[in-house]
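# Descriptive analysis of the structure
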2 protein chains.
Amino acid sequence: MDLTEKYTIKDLFDKVEDKTISELEGKELTFGGYTKNNRFSGTIGFLNINDGSCFLPLQIVYGPSDEACKAAKLGATVEVKGTLHVTPEAKQPFELHATSSTLVGDVDETYPLQKKKTSYEYLRSIPQWRMKTNTFNAVFRVRSTLAYYIHEYFHKKGFLWIHTPILTSNDCEGEGQTFDVYADVKKPTEFFNKENVHLTVSGQLHVEPFALTYGKVYTFGPTFRAEKSNTTRHAAEFWMVEPEFAWAHLSDLCDLEEDFLKYVVKKTREDCKQDMDFFAKWIDKDLPSRLDEFVEKPFKRVKYEEAIQILQDAVKNGHKFEVSDIKFGLDLGSEHERYLTEQVFKGPIFLTDYPKDIKAFYMKQNDDGRTVGAVDLLVPEIGELCGGSEREADYNKLLTRMQELKMNIPAYQWYLDLRKNGSIPHSGFGLGFERLVMLVTGMDNIRDTLPYPRCYKDMEF
Amino acid sequence: MDLTEKYTIKDLFDKVEDKTISELEGKELTFGGYTKNNRFSGTIGFLNINDGSCFLPLQIVYGPSDEACKAAKLGATVEVKGTLHVTPEAKQPFELHATSSTLVGDVDETYPLQKKKTSYEYLRSIPQWRMKTNTFNAVFRVRSTLAYYIHEYFHKKGFLWIHTPILTSNDCEGEGQTFDVYADVKKPTEFFNKENVHLTVSGQLHVEPFALTYGKVYTFGPTFRAEKSNTTRHAAEFWMVEPEFAWAHLSDLCDLEEDFLKYVVKKTREDCKQDMDFFAKWIDKDLPSRLDEFVEKPFKRVKYEEAIQILQDAVKNGHKFEVSDIKFGLDLGSEHERYLTEQVFKGPIFLTDYPKDIKAFYMKQNDDGRTVGAVDLLVPEIGELCGGSEREADYNKLLTRMQELKMNIPAYQWYLDLRKNGSIPHSGFGLGFERLVMLVTGMDNIRDTLPYPRCYKDMEF
């Protein structure tokens, strides 16, 4: 039953694409996959199977004596040998005329997927099956493809992938609640000899020394927040991409961010055409045009103070926000961000130079004394896609800020010392990977972009 | 200070390699990096800086009036503009004659690296600095490169990267101790509504349903073991690669494993020549020949029972093992594995078809009733590099085995049901990524292959 080195269904569609499919006309080929659809009229049967190599199935045509094909119920796996026929006039560009078939894996009454449309909510309770539905089959293929191109992009640009730790004893001031970790909860400090071991909320602090040595680095791994939020955008476990590079200021950071995002979205759309067609048809009709704009139009760069002015003018002109007391220092809500991206700029914007009091301690202090070199990338429908900044590279400025914020300085001395010894200007951003998956697929719940979502009150297996 | 779009030191070495470096003769170029070495004679100075793009530094030649270069102490960062001169007769193939220099980041007395050789043990206590030493600079570049080619290999072969969860409530029978996770230790079940949430020890069970849908998938992410072992080969947090593919039997698995490992080792050696030269010179003189054999010679395939016979014969012929009562059922120790790989087969071997009682419940039961379709890849010096198996695809056989082992069946019902609905033969293996880094670099302590090692009694930041 060795199917390696044989054609996949994707290979056939690729050969349609590059117009070489006719080479396979009449060839005897073997495919294995699970049943998507099966109709038998009494004289002829049509069995659609998916081998996982691409979104679209292969149509198998079989005769009345083919017991294996006849028996293939939804979800059952079959292996079918047959003759390939190119059918340029038909709905599907080729079909396999079965000559010999085996029912490899039958299904029984415990198989939970039916032809009828099933709710996403129910499907979340069966993460071991939902990737066999059209929607999730496409989502996880796109997720994997995006993830691959993230690595490809950075590799081509000379960035090293650094595996920052998941377990950390470092404080993560201002990043929300963390999960605690114990080898033995009765002897909490015994295993690591540390008071406080938790799951990382960001690899940034740990990756900065690597950026100061290798110049260009990034992390791509799981991060954790123990927030009791039950929104469609928050998960307790999610993946983050955090590039960090030296000799880079805020505008370099924006350049990288834009180039990077456009690259991975473009490459993924090219690779996952069938999946993207499905999303456009069934999930979000506006997706293709939104993504066209995303990859084609330059992202605008807007200063926070400019944005405040625009929002104040909107209020003056009668626009209603829930929070309408708009002034310098306001931490913009999603209603404000959406107004800016959807109503005013009609596309993604880099919002830069935020008030220092609403941003993290490590961000570069601007000369005005009240803003920092921070940048959030805001995207229509999605909201904040990335957050980043130039980092404060000056030891004394950073120390003073940490003292103002009453941080535990000794715990951060290792990080501070990076500014004492060979300090270089450097910048970085964090991308919540699932937000990118949502952007590209049009799915609007983070739970539907994660293979096994871990959210507040929500964990299977 | 924008150095993007400019030449890196790696670019220069690449141009030496492809013999186009002379194009840059006399060109004015700018480089930024940290100081590796600086000698000033009174009339002329030689400053070596590393920009992180490759292992080898750039030699800068400067005059007595260049205060910035003169002041550059070990670890200090400088930015230097100068004229490039190709020096085919000299030790280094080019040098930069400085025309204008800036000391960007000075060092002070807290900088912990000195010219003299420092112990690995001490360097483990300063993970934020040790990547600036030659050894660790090379190790982490090689680590990143290996990691990239793992993704490239699987992407090219049509495998999807699946992000299996870190947090899991699933039992992981027989995989050793786990770390428990709490949002609030006083209300242990509150956050996830689960009795028992811990850090994953393997993504295999979670990735299998994806293999049964997509055909070819893999995981690559952190895994955890709360074992109180203080060896040079165990870490509490380490990265695992776990490919899983359908329609595959044990021999297909061995084929994939061998092809995969040879590919990533070969590509990494090509990309990291300077680093590999360093390891061969300073870490392990036998490394190049060992790796040559690794990528060139086919791995032998040996059945467990054959290996037992060989070991029994060795004992008869006077060879001394610490455990010399060798018979079917013995869980081979590293002395036995080393004897087989280093003395008998003189290279990596696939050891297959182990007794079922020393292997995991999910492995395919062979017809003999006493062995399973398991395979360990054993490598000289390293020991076990990968462990894998064909999985039991038959519902009743798997259930019976789980009952024999008195496992908690309801907790695994979701996994069992995969065998009821569209079951397909499938196989997979797990590679401890750090073991691969050790194999390729010649480093012999796992702590020296992890950016921030987390081991028993051992965690910085």
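Before any of the text, the structure's been laid out above.
As a starting point, this report considers the structure included with it. Every chain begins its residue count from 1, and numbering advances along the sequence as written. Chains and ligands are labelled by the order in which they are written, letters from A for the one and numbers from 1 for the other. Selection of residues for local features in this predicted model requires a pLDDT of at least 70, selection of side-chain atom pairs for listing and counting requires 80 or more, and totals for whole chains, interfaces and linings are taken over all residues. Side-chain metrics in this entry use all non-hydrogen atoms of the structure; hydrogen atoms and water are not considered.

On to the relation of the copies chain B and chain A, then. Expressed as a screw transformation, the operator carrying chain B onto chain A has a rotation angle of 180 degrees and an axial translation of 0.0 Å, and the superposed copies differ by an RMSD of 0.0 Å. Accordingly, the operation relating the two chain copies is best matched by a two-fold axis. Every residue of chain B has its C-alpha some distance from the rotation axis, and the shortest such distance is that of B:Val181, at 2.4 Å. When the copies are superposed, the least-squares fit draws on C-alpha atoms of residues that have pLDDT of at least 70 in both.

This paragraph deals with helix H10 (residues 334-344) of chain B. Listed as buried for H10(B) are B:His336, B:Glu337, B:Tyr339, B:Leu340 and B:Thr341. A positive backbone phi angle near 50 degrees is found at B:Lys346, which sits one or two residues after H10(B). Whether a residue is buried, partly exposed or exposed follows from its accessible area with a 1.4 Å probe, protein chains only, as a fraction of its type maximum: under 20%, in between, or over 50%, in that order. Under the DSSP-based scheme used, a helix requires at least four consecutive residues in state H or I and a strand at least two consecutive residues in state E, with every element numbered from the N terminus.

Turning next to the sheet that holds strand E1 (residues 28-40) of chain B. All names here are of chain B. One closed barrel holds the 5 strands; their spatial order is E1-E2-E3-E5-E4, and the pairing between them is mixed. Between one strand axis and the next, the sheet turns by 55 degrees as a mean value, whatever way the strands run. Only strands joined by at least two bridges in the DSSP assignment are considered to pair. Across 6 bridges, E1 lies against strand E2 (residues 45-50) in antiparallel orientation. Residue Arg-39 lies in a different strand from E2, and its bridge partner there is Phe-46. Here an angle of 0 to 180 degrees is reported between the N-to-C directions of two axes, which are lines fitted to C-alpha atoms, with helices fitted over the stretch in contact.

Note on placement: B:Lys132 falls in the loop between helix H3 (120-124) and helix H4 (134-156). Judged by its relative accessible area of 6%, B:Lys132 falls in the buried class.

Let us now look at the packing of aromatic side chains. Pairing of aromatic side chains here covers Phe, Tyr and the six-membered ring of Trp, requires ring centres within 6.5 Å, and sorts the geometry by plane angle: under 30 degrees stacked, over 60 edge-to-face, intermediate tilted. Summed over the entire model, instances satisfying the criterion amount to 79 aromatic pairs over all chains. A ring pair is formed by A:Tyr304 and A:Phe328, whose centres lie 5.7 Å apart and whose planes are at 85 degrees; its orientation type is edge-to-face. One end of the pair, A:Tyr304, is in helix H9 (residues 304-316); the other, A:Phe328, is in the loop between H9 and helix H10 (334-344), and 24 residues separate them in sequence. Residue A:Tyr304 is classed as buried on the basis of its relative accessible area of 0%. Between A:Tyr304 and A:Tyr354, the aromatic rings sit 5.4 Å apart at their centres with planes inclined by 40 degrees, giving tilted as the arrangement. Here A:Tyr354 lies in the loop between strand E13 (349-352) and strand E14 (374-379) and A:Tyr304 lies in helix H9, a separation of 50 residues in the sequence. By the burial criterion, A:Tyr304 is buried, and A:Tyr354 matches it. Placement of a charge over a ring requires the Lys NZ or Arg CZ to be within 6 Å of the ring centre, with the centre-to-atom vector within 35 degrees of the ring normal. Directly above the aromatic system of A:Phe299 lies the positively charged group of A:Lys262, at a separation of 4.5 Å from the ring centroid. For B:Lys359, the ring lying beneath its charged end belongs to B:Tyr354, and the centroid distance is 4.3 Å.

It only takes one pair of heavy atoms within 4.5 Å for two residues to be counted as in contact. Residue-level contacts link 104 residues of chain B with 104 residues of chain A. Put simply, buried area is how much 1.4 Å-probe accessible surface two parts lose in total, over both of them, once they are put together. Summed over both partners, the interface of chain B with chain A comes to about 9,100 Å²; 63% of that surface belongs to carbon and sulfur atoms. Contact with chain A buries surface across chain B, with B:His163, B:Phe191 and B:Trp247 losing the most and accounting together for 9% of the total. When a carboxyl oxygen of Asp or Glu lies within 4 Å of a side-chain nitrogen of Lys or Arg, that pair is called a salt bridge. Applying the counting criterion to the chain B and chain A interface returns 6 salt bridges. Between B:Lys420 and A:Asp108 there is a salt bridge, with its nearest N and O atoms 3.8 Å apart. N or O atoms closer than or at 3.5 Å make up a polar contact, with two conditions inside protein: a donor-capable atom paired with an acceptor-capable one, and, for residues adjacent in sequence, both atoms drawn from side chains. Our count for the chain B to chain A interface comes out at 45 residue pairs in polar contact (both at pLDDT 80 or more). Here the element with the most residues in the side of chain B that touches chain A is H4(B); it accounts for 12 residues. A per-class count over the side of chain B that touches chain A returns 53 nonpolar, 28 polar and 23 charged. Pairing of strand E8 (residues 180-182) of chain A with strand E8 (residues 180-182) of chain B, which is carried by 3 bridges, proceeds in the antiparallel orientation. Counted as the bridge partner of A:Asp180 is B:Tyr182 from E8(B). Under the grouping applied here, Gly and all other residues not named as nonpolar or charged are polar, the nonpolar ones being Ala, Val, Leu, Ile, Met, Phe, Trp, Tyr, Cys and Pro and the charged ones Asp, Glu, Lys and Arg.

Strand-to-strand pairing in sheets goes through backbone hydrogen bonds, with the strands running parallel or antiparallel. Residue and element names in this part refer to chain B. The mixed open sheet is built from 8 strands, whose spatial order is E6-E10-E11-E16-E15-E14-E13-E12. This sheet does not close on itself; its edge strands, each paired only once, are strand E6 (160-161) and strand E12 (300-303). Pairing of strand E15 (residues 383-390) with strand E16 (residues 426-432) involves 5 bridges; the strand directions are antiparallel. Residue pairing in the sheet places Cys-386 in a bridge with Leu-431 of E16.

The subject of this paragraph is the nonpolar core. Among buried residues, those of type Ala, Val, Leu, Ile, Met, Phe, Trp, Tyr and Cys that are joined through side-chain atoms within 4.5 Å constitute a nonpolar core. Counting residues in each nonpolar core, the largest one holds 228 residues, and the members touching the most others are A:Leu385, A:Leu436, B:Leu385 and B:Leu436. Those residues within four positions of A:Leu436 in sequence are excluded, and the remaining contacts are A:Leu146, A:Ile150, A:Leu261, A:Val264, A:Val265, A:Leu385 and A:Leu431. If you look at the next biggest cluster of nonpolar residues, it comprises 28 residues, including B:Phe192, B:Val197, B:Phe224 and B:Ala226.

We now examine the pairing of strand E1 (residues 28-40) of chain A. All names here are of chain A. Here E1 pairs with strand E4 (residues 77-86) via 7 bridges, running antiparallel. Considered in E4, the bridge of Leu-29 is made with Gly-82. Remark: 4 residues form the turn of the hairpin made by E1 and strand E2 (residues 45-50), two consecutive strands paired antiparallel; Gly-42 in that turn has positive phi of roughly 115 degrees.

For the rest of this paragraph, the subject is the packing of helix H4 (residues 134-156) of chain A against helix H5 (residues 204-214) of chain B. In a pair of packed helices, the angle between the axes and the distance between the axes together describe the arrangement. Where H4(A) contacts H5(B), the axes come no closer than 12 Å and their chain directions differ by 105 degrees. Comparing their axes, H5(B) and H4(A) come out roughly perpendicular. Here A:Phe136, A:Asn137, A:Phe140 and A:Arg141 of H4(A) lie close against H5(B), whose contacting residues are B:Phe210, B:Thr213 and B:Tyr214. A class-by-class count of the residues in the contact of H4(A) with H5(B) yields 4 nonpolar, 2 polar and 1 charged. Roughly parallel refers to an angle under 35 degrees, roughly antiparallel to one over 145, roughly perpendicular to one between 65 and 115, and oblique to any angle outside these ranges.

All names here are of chain B. Topologically, Ser-229 is positioned in the loop between strand E10 (216-224) and strand E11 (237-246). Overall, the relative accessible area of 18% leaves Ser-229 in the buried class. Separated by 95 residues in sequence, Ser-229 and Asn-134 have C-alpha atoms that sit 29 Å apart. When near neighbours in sequence (up to four residues on either side) are disregarded, Ser-229 contacts His-234 and Tyr-456.

Not every positive phi belongs to a glycine, and A:Trp247 is a case in point at roughly 60 degrees. Summarising the element assignment, A:Trp247 is placed in the loop between strand E11 (237-246) and helix H6 (250-271).

Residues and elements named next belong to chain A. Sheet topology note: the strand E3 (residues 58-62)/strand E5 (residues 94-105) ladder contains 3 bridges and is parallel. For Ile-60, the partnering residue across the bridge sits in E5 and is Leu-96. Two strands pair when backbone bridges link them, and E4 and E5 are joined in this way by 10 bridges, in the antiparallel orientation. Across the sheet, the residue bridging to Val-86 is Phe-94, located in E5.

All names here are of chain A. Looking at helix H11 (residues 395-404), one finds that the buried residues are Tyr-395, Leu-398, Leu-399, Arg-401 and Met-402. End-on, the buried residues of H11 take up no more than an arc of 165 degrees, which puts them together on one face. Structurally, H11 contributes buried residues whose contacts are with helix H12 (409-416). Measuring from the backbone nitrogen of Asn-396 back to the side-chain oxygen at the start of H11 gives 3.1 Å, which picks out Asp-394 as the cap. One or two steps after H11, the chain reaches Lys-406, where phi turns positive at roughly 55 degrees. By construction, the arc corresponds to the directions joining the helix axis to the C-beta atoms.

With respect to the helices and strands, A:Ser423 occurs in the loop between H12 and strand E16 (426-432). A polar contact of 2.7 Å, which involves the side chain of A:Ser423, links it to the backbone oxygen of A:Ala393. If sequence neighbours within four positions are ignored, A:Ser423 has contacts with A:Ala393, A:Leu418, B:Thr77, B:Val104 and B:Gly105.

Together, A:Arg39, A:Lys91, A:Lys281 and A:Lys285 give the surface a local cluster of positive charge. A:Lys91 gets classed as exposed once you look at its relative accessible area, which sits at 86%. Residues form patches when they are more than 30% accessible in relative terms and have no salt bridge. Like charges link within 9 Å. Nonpolar side chains (Val, Leu, Ile, Met, Phe, Trp, Tyr) link within 5 Å. Per-residue accessibility takes into account occlusion by the displayed protein chains alone, with areas from the Shrake-Rupley method and a 1.4 Å probe. His is not counted, nor are the chain ends, whereas Lys and Arg count as positive and Asp and Glu as negative. Taken as the charge location is NZ of Lys, CZ of Arg, CG of Asp or CD of Glu.

Counted according to the given criterion, the structure contains 60 salt bridges over all chains. Its salt-bridge partner being A:Glu305, residue A:Arg370 comes within 2.8 Å of it at the nearest N-O pair. A residue pair is termed long-range when its members are at least 10 positions apart, and A:Arg370 in the loop between E13 and E14 and A:Glu305 in helix H9 qualify at 65 residues. Across the salt bridge formed by B:Asp14 and B:Lys10, the nearest N and O atoms sit 3.0 Å from each other. Placement of both B:Asp14 and B:Lys10 in helix H1 (residues 9-17) is noted, with a separation of 4 residues, approximately one turn of the helix. Look at B:Lys10 and you get partly exposed, because its relative accessible area is 35%. Through salt bridges with shared partners, a single ionic network connects A:Asp255, A:Glu258, A:Lys262 and A:Arg301.

In short, the description is geometric, and any link to function would need to be established separately.
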